[in-house]
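The residues making up each chain are set out below.
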Amino acid sequence: MDSNSGSADITHNFPPFFKVHKDGRIERYAVFQHAPAGLDPTTGIESKDVVVSPDTGIKARIFLPKINGPDRKLPLIIHYHGGGFCLGSALDLPFKFFLTSLAAQANAVAITIDYRLAPEHHLPAAHNDSWAGLQWVASHANRQGPESWLNEHVDFGRVYLVGESAGANIASYVAIKAGVTGLAGLNIIGTLLVHPYFGVKEPDRMYEFMCPTSTGFDNDPIINPAVDPNLKKLKSDRILVCVAEKDSLRNRGVNYYETLSKSEWNGNVEFYETHGEDHCFHMFSPNSVNLGPIMKKLVDFIQAK
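The paragraphs below set out a description of the structure included in this document. (Residues numbered from 1 in each chain as written. Predicted model: local features only at pLDDT ≥ 70, side-chain atom pairs only at ≥ 80, totals over all residues. Heavy atoms only, no water.)

Let's talk about the overall build of the protein chain
Moving on, step 1. Counting its secondary structure elements, the protein chain contains eight helices and eleven strands.
Moving on, step 2. Here the protein chain has a C-alpha radius of gyration of 19 Å; the compact-globule value for 305 residues is 19 Å, and the two agree.
Moving on, step 3. In the protein chain, buried positions account for 53% of the 305 residues.
Moving on, step 4. Accessible surface, the protein chain as shown: approximately 13000 Å² in total, 49% of it carbon and sulfur.
Moving on, step 5. Separation between the mean location of the 28 positive side-chain charges and that of the 33 negative ones in the protein chain comes to 4 Å. (Helix = DSSP H or I, 4+ residues; strand = E, 2+ residues; numbered from the N terminus. Rg over C-alpha atoms; globule rule 2.2 N^0.38 Å. Buried < 20%, exposed > 50% of the residue type's maximum accessible area, 1.4 Å probe, protein only. Areas by Shrake-Rupley, 256 points an atom, 1.4 Å probe, with all protein chains shown as cover. Lys, Arg positive; Asp, Glu negative; His and termini not counted. Charge placed at Lys NZ, Arg CZ, Asp CG, Glu CD.)

Concerning the nonpolar core
Moving on, step 1. One finds L76 and I78 to be the most contacted residues of the largest nonpolar core, which totals 68 residues.
Moving on, step 2. Among the elements that take part in this core, helix α4 (residues 166-181) stands out by supplying nine residues, more than any other.
Moving on, step 3. Setting aside anything within four residues of it in sequence, one finds I78 in contact with I111, I113, L134, V137, V159, Y160, L161, V162 and L186.
Moving on, step 4. Listed in part, the 29 residues of the second largest apolar core include I45, L99, L102 and C280. (Core = buried A, V, L, I, M, F, W, Y, C linked by side-chain atoms within 4.5 Å. Contact = heavy atoms within 4.5 Å.)

Here's the deal with the pattern of salt bridges
Moving on, step 1. Applying the stated criterion to the full structure yields 13 salt bridges.
Moving on, step 2. Across the salt bridge formed by D155 and R158, the nearest N and O atoms sit 2.8 Å from each other.
Moving on, step 3. Residue classification places D155 among the partly exposed positions, given a relative accessible area of 23%.
Moving on, step 4. A network of salt bridges, in which partner residues are shared, links R238, E270 and K297. (Salt bridge = Lys/Arg side-chain N within 4 Å of Asp/Glu carboxyl O.)

Focus on the sheet that holds strand β9 (residues 188-194)
Moving on, step 1. Read from one edge of the open sheet, eight strands run β4-β5-β7-β6-β8-β9-β10-β11, paired in mixed fashion. Only two strands of the sheet have a single partner each, and these edge strands are β4 (46-53) and β11 (268-274). Across the sheet, the mean angle from the axis of one strand to that of its neighbour is 20°, orientation sign disregarded.
Moving on, step 2. The sheet contact formed by strand β8 (residues 154-164) and β9 spans six bridges and is parallel. Across the sheet, V162 pairs through a bridge with L192, a residue of β9.
Moving on, step 3. Across the sheet, helix α6 (residues 250-262) is in contact with β9, β10 (238-244) and β11; its angle to β10 comes to roughly 155°.
Moving on, step 4. On top of the sheet, helix α8 (residues 291-303) reaches β6 (74-80), β8, β9, β10 and β11; it is set at about 165° to β9, its chief contact. (Pairing = 2+ DSSP bridges. Axes fitted to C-alpha atoms, helices over the stretch in contact; angles between N-to-C directions.)

Description of the sheet that holds strand β3 (residues 26-28)
Moving on, step 1. Reading across from one edge, β1-β2-β3 is the order of the three strands in this open sheet, with antiparallel pairing throughout. The open sheet terminates on both sides in strands that have one partner only, identified here as β1 (10-14) and β3. Here the average twist between neighbouring strands, direction ignored, is 15°.
Moving on, step 2. Looking at chain direction, β1 and strand β2 (residues 18-21) are connected through four bridges and run antiparallel. Counted as the bridge partner of N13 is K19 from β2.

So, the packing of aromatic side chains
What characterises a pair of aromatic rings is the spacing of the ring centres plus the angle enclosed by the ring planes.
Moving on, step 1. Tallying each qualifying case throughout the model produces nine aromatic pairs.
Moving on, step 2. Between the aromatic rings of Y257 and F271, the centroid separation amounts to 5.1 Å while the plane-to-plane angle is 40°, which identifies the pairing as tilted. In this pair, Y257 is assigned in helix α6 and F271 in strand β11, connecting sequence segments 14 residues apart.
Moving on, step 3. The side chain of K48 reaches across the aromatic face of W149, ending 4.4 Å from its centre.
Moving on, step 4. One residue, R238, lies across the ring of F301, its end atom 3.8 Å from the ring centre. (Phe/Tyr/Trp six-rings, centres within 6.5 Å; stacked < 30°, edge-to-face > 60°. Lys NZ or Arg CZ within 6 Å of the ring centre and 35° of its normal.)

Rendered as structure tokens:
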């Protein structure tokens, strides 16, 4: 992405994400609509917001299906949202639609964890916040955590990490970190990476601006897990990598799948491609004929024994 300013007042310009003014002000090209938590009358899914980190103010939103019996424990979906690390919030409308639908179809509890956005907060702040959120979830595994919905209704032996675009990058990152450092109490049995953002081979000026400590685009293990020596320690029994035919990030998603297939990681990796679609169509094209098939693929992956 080019940082050509196009204006004397603009020092950096990265459409369609953000531009930076001389006075340091960040102006975003897109702002997603916030969606309040509450009961979804169509699916019966209830949602509420919680604070997972008082120090940073990071929030998360929990989605709870109808529970049949007080002792019923459901799988847990832990989600990280996309937006190039610099747009959106877990509390925005597209992610509420997606997770309400996924939780209902998969009959699972879901939690989407927010993170501080770049460039105001340089990467890897988003990854650090996401890891802290995962640790917060793990603090409920003894049934004595701060959030009753997780204590009472989650089967911590059936945990799935889910992310799209930059959120898929984060999901991979926290799965690797969980394998390296350990994460007591959570059994991550599946990870779903939808249209993952692992960049392209040439340098990405926007990423370099958001992550000034990066060692170099293709040599940075966050953006290119193929060079991460800890990839083989990734904590997940199964991984599903989804790509879209017209997505400019498609080939890096394919490369991730192929790299993981050939690595020493002791899990099973699957691949799914949607033809004729572009990046994250499932979030922003509700009338697409391909929406049903990709949602079914995600649900089947979660429900597989």
